[in-house]
Amino acid sequence: MSATRKAHALSFKVLAECSTTKARVSKLILPHHEVDTPVFMPVGTQGTLKAMLPDQLEEMDCQIILGNTYHLGHRPGPELLEKAGGLHKFMNWNRNLLTDSGGFQMVSLLKLAEITEEGVKFESPHDGSTMMLTPEKSIEIQNSIGADIIMQLDDVVHSTTTGPRVEEAMWRTIRWLDRCLKAHARPHDQSIFPIVQGGLDAELRKKCAQELTKRDVSGFAIGGLSGGEEKSQFWRMVSLSTDHLPGDKPRYLMGVGFAVDLVVCCALGCDMFDCVYPTRTARFGTALVPTGLLNLKLEKFSQDFRPIDENCGCSTCSQYTRSYLHTIAGHKPVAAQLITVHNVRYQLNLMRGIRKSIMENTFPKFVQDFMSALFPSKDYPEWSVEALASVNVTLR
Ligand SMILES: [Zn+2]
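Quick caveat: nothing in here was measured; it's all calculated off a predicted structure.

Right, let's get into the state of the cysteines. By the definition in use, this model includes 0 disulfides. Unpaired in terms of disulfides, Cys270 finds its nearest cysteine sulfur in Cys265, a separation of 5.3 Å. For Cys270, a relative accessible area of 1% corresponds to the buried category.

Here the focus is the domain arrangement of the protein. Domain parsing of the protein yields domain 1 (11-276) and domain 2 (283-390). In this structure, domain 1 and domain 2 have C-alpha centres spaced 26 Å apart. Regarding the contact of domain 1 and domain 2, the summed buried area is about 3,000 Å², with carbon and sulfur atoms giving 77% of it. Applying the counting rule to domain 1 against domain 2 returns 1 salt bridge. Close ionic contact of Glu386 with Arg236 constitutes a salt bridge, the shortest N to O distance being 3.4 Å. Counting only elements with at least two residues in the side of domain 1 that touches domain 2, the list comes to β1 (11-17), β2 (24-29), β3 (34-37), β4 (39-41), α2 (54-59), α10 (231-243) and α11 (259-267). By residue number, the principal contributor to the side of domain 1 that touches domain 2 is α11, which donates 8 residues. Looking at side-chain class alone, the side of domain 1 that touches domain 2 contains 26 nonpolar, 7 polar and 8 charged residues.

Moving on to the packing of α11 against helix α15 (residues 333-359). Packed helix pairs are characterised by how far apart their axes lie and by the angle those axes make with each other. Direction vectors running N to C along α11 and α15 enclose 25°, while the axes themselves pass 11 Å from each other. With respect to their mutual orientation, α11 and α15 come out roughly parallel. Like other packed secondary-structure pairs, α11 and α15 cross with a definite hand, here right-handed. Residues Ala259, Leu262, Val263 and Cys266 of α11 form the contact with α15, whose own contacting residues are Tyr346, Gln347, Leu350, Met351 and Ile354.

Quick look at the coordination of the zinc ion now. Around the zinc ion, the donor atoms from the protein are Cys312 (SG), Cys314 (SG), Cys317 (SG) and His342 (ND1), and they sit 2.1 to 2.3 Å away. For the zinc ion, the 4 donor atoms are set out with angles of 98 to 122° between them, so the coordination reads as tetrahedral.

Take Asp155: it is sitting in the loop between β11 (149-151) and α8 (164-183). A polar side-chain atom of Asp155 sits 2.7 Å from a polar atom in the side chain of Arg165. Side chain to side chain, Asp155 and Arg172 meet in a polar contact 3.1 Å long. Apart from residues lying up to four places away in sequence, Asp155 is in contact with Ile115, Arg165, Ala169, Arg172, Thr173, Trp176 and Gln197.

Take the UniProt feature "binding site: Zn(2+)" (unreviewed entry) in the protein next. In the UniProt entry, the feature "binding site: Zn(2+)" (unreviewed entry) is given for Cys312, Cys314, Cys317 and His342. Considering the C-alpha atoms alone, the annotated residues occupy 31 residues of sequence yet fold into one spot, their largest mutual distance being 7.9 Å. Of the annotated positions mentioned, Cys312 and His342 line the second largest pocket. When you line up the elements, Cys317 lands in helix α13 (residues 315-319). For Cys317, a relative accessible area of 10% gives the class buried.

Of the volumes computed, that of the largest pocket is approximately 1,100 Å³. In terms of lining, the largest pocket is formed by 43 residues, of which the most central are Phe104, Gln105, Ser108, Gly255 and Asp274. For the lining of the largest pocket, the elements supplying multiple residues, two or more each, are α6 (103-109) and α12 (277-283). Residue contributions to the lining of the largest pocket peak at 6 residues, all from α6. What the second largest pocket holds in volume is close to 320 Å³. If you trace the second largest pocket, you find 13 residues lining it, with Pro290, Asp309, Tyr346, Asn349 and Leu350 closest to the centre. The element best represented in the lining of the second largest pocket is α15, accounting for 5 residues. Looking at side-chain class alone, the lining of the second largest pocket contains 7 nonpolar, 4 polar and 2 charged residues.

Once that is clear, we can look at the nonpolar core. One finds Phe234, Leu253, Phe273, Phe363, Phe370 and Met371 to be the most contacted residues of the largest nonpolar core, which totals 99 residues. Residue assignment places this core across two domains, with domain 1 (11-276) and domain 2 (283-390) each supplying three or more. If we skip the residues at most four places from it in the chain, Phe273 touches Pro38, Val39, Phe40, Met41, Tyr252, Leu253, Val256, Leu262, Cys265, Cys266 and Met351. In this structure, Phe12, Val39, Tyr252 and Met272 belong to the second largest nonpolar core, which totals 18 residues.

Cut-offs and rules
- In this convention, every chain numbers its residues from 1, walking through the sequence in written order.
- Where totals are concerned, whole chains, interfaces and linings use all residues; where local detail is concerned, this predicted model gives features only for residues with pLDDT of at least 70, and gives and counts side-chain atom pairs only at 80 or more.
- Heavy atoms from the whole structure form the basis of all side-chain values; hydrogens and water molecules are not counted.
- Only a pair of cysteine sulfur atoms within 2.5 Å counts as a disulfide in this structure description.
- Throughout, exposure labels follow a simple rule: accessible area from a 1.4 Å probe, protein chains only, divided by the maximum for the residue type, with under 20% read as buried, over 50% as exposed, and the rest as partly exposed.
- Per the annotation, domain bounds derive from an automatic or database assignment of domains.
- Accessible area that two parts lose when put together, evaluated with a 1.4 Å probe and summed over both, is termed the buried area.
- For this document, the term salt bridge refers to a Lys or Arg side-chain nitrogen within 4 Å of an Asp or Glu carboxyl oxygen.
- Starting at the N terminus, helices and strands are each numbered in turn, a helix being any DSSP run of H or I of at least four residues and a strand any DSSP run of E of at least two.
- Residues are grouped as follows: Ala, Val, Leu, Ile, Met, Phe, Trp, Tyr, Cys and Pro are nonpolar; Asp, Glu, Lys and Arg are charged; all remaining types, including Gly, are polar.
- Lines fitted to the C-alpha atoms define the axes, with helices restricted to the stretch that makes contact. Angles between their N-to-C directions range from 0 to 180 degrees.
- Roughly parallel refers to an angle under 35 degrees, roughly antiparallel to one over 145, roughly perpendicular to one between 65 and 115, and oblique to any angle outside these ranges.
- Handedness of a crossing is defined here by the sense of rotation of the near helix relative to the far one, left-handed for an anticlockwise turn of less than a right angle and right-handed for a clockwise turn.
- We call two residues in contact when some of their heavy atoms are within 4.5 Å.
- Each metal site is built from N, O and S donor atoms within 2.8 Å (3.2 Å for Na, K and Ca), and since water is not included, such sites may look incomplete.
- All geometry calls rest on donor angles, where a four-donor set with angles between 85 and 135 degrees is tetrahedral, four- and six-donor sets with opposite donors more than 155 degrees apart and all others between 65 and 115 are square planar and octahedral, and all else is irregular.
- For the purposes of these results, a polar contact is taken to be a pair of N or O atoms within 3.5 Å, where, inside protein, one atom must be able to donate a hydrogen and its partner to accept one; residues adjacent in sequence count only when each atom of the pair is a side-chain atom.
- UniProt positions are given in the numbering used here, feature names are shortened, and annotations may be inferred rather than shown by experiment.
- Residues are called lining when one of their atoms sits within 4 Å of a cavity or pocket point, these points coming from a 1 Å grid over the protein atoms alone, where a cavity is a set in which a 1.4 Å probe fits but cannot get out and a pocket is an open set with protein on both sides within 12 Å along at least five of seven lines.
- Grid points are joined across faces, edges and corners, and a volume is the space filled by probe spheres set on the points.
- Among the buried residues, those of types Ala, Val, Leu, Ile, Met, Phe, Trp, Tyr and Cys that are joined through side-chain atoms within 4.5 Å form a nonpolar core.

Below you can see the structure in the form of structure tokens.
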């Protein structure tokens, strides 16, 4: 561990690299806990994972969760969080937190967001007043939340946007990173991750990664993807981004959480992921299983007395049947809770399996087995076949 790393409140050590793909297993050490990567980070929007308690997360050895700065900045707000001694204490979560910059939420949630060089201007959804989220303000809020990893404010464009706006956003993201780094008041215990942008343009993305790499940062995020672009472009941009980021620092692919995407993007060299999907879909009665999805609201589960997944090991699977969950799914908050517990456990188990296979250097076989369980008729999505072939894995 070098002295600069210590000063950044983050250390990262690659423990094993797959001999076939770009996948690796690493140990990320943050102020509140260590993190085994590749890792999936469940999203706790407002200082709570919807329908799950910190104790339950700790029990399944979840090491890091995500909080949304936009929501937290609003309620309870930075002043109260500062008084409470930060979000870890406030929400009784003793392990790691990562917060986003708030920018993406604004651009996606607020119709009136306007981006200028100064920041993101928006109309408060509460009282209609005009407010401004600048890089400095985003860091100030994230400093009071106190997450172990915080994100730079980036200029977000929709992933399918093309033309000069993409290049403008890319360069502005770099300028905003410098402002964020300058404004950062807690470099001793919080690490800022810059965000690789550049849309679907290979040259811009490469240039962006090269520029960000020149800055004194201890990890990187890959942003602006997973927003409705063609999957064939998605994986190429992910792979190109990891190719141009240093191997000795963590790479966080933002907004990715479908099982296939996780497996493929681990093969492409990503270490960290987050997505609201597993918890959101649970609230609609859908459970994640190795063969795909179980929509527990379907009539066919009304007399199915098996657990969601016999091999899962979560508290829901050890105590409740599909039939019971079918009866309460969509009607009772407890159903959302029970299925959320299972889905988070599914994601954590998947990542555990990926890590184990990389450690044992059997990751390509893990990928093949995973894909054939999910697609027994071998109707693999074309993009996944191409992406895996690019790292020398052929599906059977
Ligand atoms: Zn389960």
